[in-house]
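# Structure assessment
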Amino acid sequence: METVLIKLIKMLIAPLIFGVVVVGIAKVGNIKTVGRIGGKTILYFEIVTTFALFIGLLVANVMNPGTGMNVDPSSLNTSEVDAKTNGSELPSEGDFFLNMIPDSAVGAFSSNSMLQVLLISCLFGIALVHIGGKTAETLLNVLEKVNDVLFKIMGYIMKLTALATFSAMAFAVSQYGLGTLAAFGKLFIAMTIACLAFVLVLAVIFTNLFKIKFVESHSIYTRRNYAGICYRFH
């Protein structure tokens, strides 16, 4: 059942990314603004991901949530991994950027290559902004309606989550014994601690980053109101 859920989700990922990215770029309506927002988003993503990796590694090494699973690595089936990687090594920087360009637009969607779909989505959104007018407005309205339908379908799929989780847990227990439940419980606790630590770190960082700007803005707003009141009484 868990395989069915994953396949259903993968079925919608590419069109969802395309619709959301295109609508997002077209709604902004200014390529320079999109670039500025994109740059800040990448910077934010890099900083936040670094903290997430550090916290995740720290909690994993302290709590060792995988202990007690009694899983023999030699008994695991790696055929699917080999099929995906073809036994090859990581691509070089040049190959990585070349692989972002699909052989065809349809091929990017059929193969679920996310970077290729993202590239097509960005180009489509930028072109839509440059075209403008009634054509762009019509296409944007259509894409928004399509997004609504796709998110509705995704809602239907998410209702299978509980059943898929039960199926995966039943398989794990039948394969590796009841001790697996304790290991999963330890994993859940470790994940909860890591998530809470991550949220607290972000709260501290962004509070310190934006506190000065907030105080300055509030001070300017107060001075303006005070000047306005004095002017009225005068």
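For the structure given in this document, a descriptive report is provided here. (Residues numbered from 1 in each chain as written. Predicted model: local features only at pLDDT ≥ 70, side-chain atom pairs only at ≥ 80, totals over all residues. Heavy atoms only, no water.)

## Considerations on the overall build of the protein
For the protein, the helix and strand inventory stands at nine helices and zero strands. Element order for the protein, N to C, with α for helix and β for strand: α-α-α-α-α-α-α-α-α. The burial tally for the protein puts 16% of its 234 residues in the buried class. For the protein, the proportion of contacts with a sequence separation of at least 24, taken over those separated by at least 6, is 79%. Accessible surface computed for the protein: about 17,200 Å², of which carbon and sulfur atoms make up 71%. (Helix = DSSP H or I, 4+ residues; strand = E, 2+ residues; numbered from the N terminus. Buried < 20%, exposed > 50% of the residue type's maximum accessible area, 1.4 Å probe, protein only. Contact = heavy atoms within 4.5 Å. Areas by Shrake-Rupley, 256 points an atom, 1.4 Å probe, with all protein chains shown as cover.)

## Thoughts on helix H6 (residues 114-131)
In this model, H6 (18 residues) spans 25 Å end to end at C-alpha, consistent with the 26 Å of a helix rising 1.5 Å per residue. By the burial criterion, the buried members of H6 are Gln 116, Val 117, Ile 120, Ser 121, Gly 125, Leu 128 and Val 129. Directly beyond the C-terminal end of H6, a positive phi value near 60° is found at Gly 132. (Expected span 1.5 Å × (residues − 1).)

## Focus: the nonpolar core
In this structure, Ala 14, Phe 18, Val 22, Val 23, Ala 26, Ala 108, Val 117, Ile 120, Leu 128, Ala 136, Leu 140 and Leu 143 together form the largest nonpolar core, which totals 12 residues. Residue assignment for this core shows that the elements contributing at least two residues are helix H1 (2-28), H6 and helix H7 (133-158). Here this core takes five residues from H1, the largest share from any one element. Other than its neighbours up to four places away in sequence, Leu 128 contacts Val 22, Ala 26, Ala 136 and Leu 139. Leu 5, Leu 12, Ile 157 and Ala 164 belong to the second largest nonpolar core, which has seven residues in total. (Core = buried A, V, L, I, M, F, W, Y, C linked by side-chain atoms within 4.5 Å.)

## Thoughts on the packing of aromatic side chains
Applying the stated criterion to the full structure yields two aromatic pairs. Ring plane angle 75° and centroid distance 5.7 Å describe the contact between Phe 18 and Phe 109, whose orientation is recorded as edge-to-face. Placement of Phe 18 in helix H1 and of Phe 109 in helix H5 (residues 105-110) is noted, with a sequence separation of 91 residues between them. The exposure class assigned to Phe 109 is partly exposed, which follows from its relative accessible area of 29%. Geometrically, the ring pair formed by Phe 18 and Phe 124 is edge-to-face, given 5.2 Å between the ring centres and 65° between the ring planes. Note that Phe 18 is positioned in helix H1 and Phe 124 in helix H6, a separation of 106 residues in sequence. Relative accessible area serves as the criterion here: at 15%, Phe 18 is assigned to the buried category. Connected via pairs of aromatic rings, a cluster forms that spans Phe 18, Phe 109 and Phe 124. (Phe/Tyr/Trp six-rings, centres within 6.5 Å; stacked < 30°, edge-to-face > 60°.)

## Let's talk about unusual backbone geometry
Positive phi outside glycine occurs at Asn 112, with the angle close to 55°. As for its position among the elements, Asn 112 is in the loop between H5 and H6. Note on Asn 112: relative accessible area 25%, which makes it partly exposed.

## Topic: a nonpolar patch on the surface
A cluster of nonpolar side chains, contributed by Phe 96, Phe 97, Leu 115 and Leu 118, occupies part of the molecular surface with about 370 Å² of accessible area. Breaking the nonpolar patch down by element, the ones donating at least two residues are helix H4 (93-98) and H6. Looking at the element boundaries, Phe 96 is found in helix H4. (Patch = residues over 30% accessible without salt bridge, like charges linked within 9 Å, V, L, I, M, F, W, Y side chains within 5 Å. Salt bridge = Lys/Arg side-chain N within 4 Å of Asp/Glu carboxyl O.)

## A few points about the environment of Asn 147
Summarising the element assignment, Asn 147 is placed in helix H7. As a C-alpha pair, Asn 147 and Leu 16 span 131 residues in sequence and 6.7 Å in three-dimensional space. Apart from residues no more than four positions distant in its own chain, Asn 147 is found in contact with Gly 19, Val 20 and Val 23.

## Section: the side chain of Gln 116
Take Gln 116: it is sitting in helix H6. Residue classification places Gln 116 among the buried positions, given a relative accessible area of 13%. With residues up to four places along the chain from it excluded, the contact list for Gln 116 reads Asn 99, Met 100, Ile 101, Pro 102, Ala 108 and Ser 111.

## As for the environment of Leu 119
Locating Leu 119 in the fold gives a position in helix H6. Once the C-alpha coordinates of Leu 119 and Ala 108 are considered, the two residues, 11 residues apart in sequence, prove to be 9.7 Å apart.

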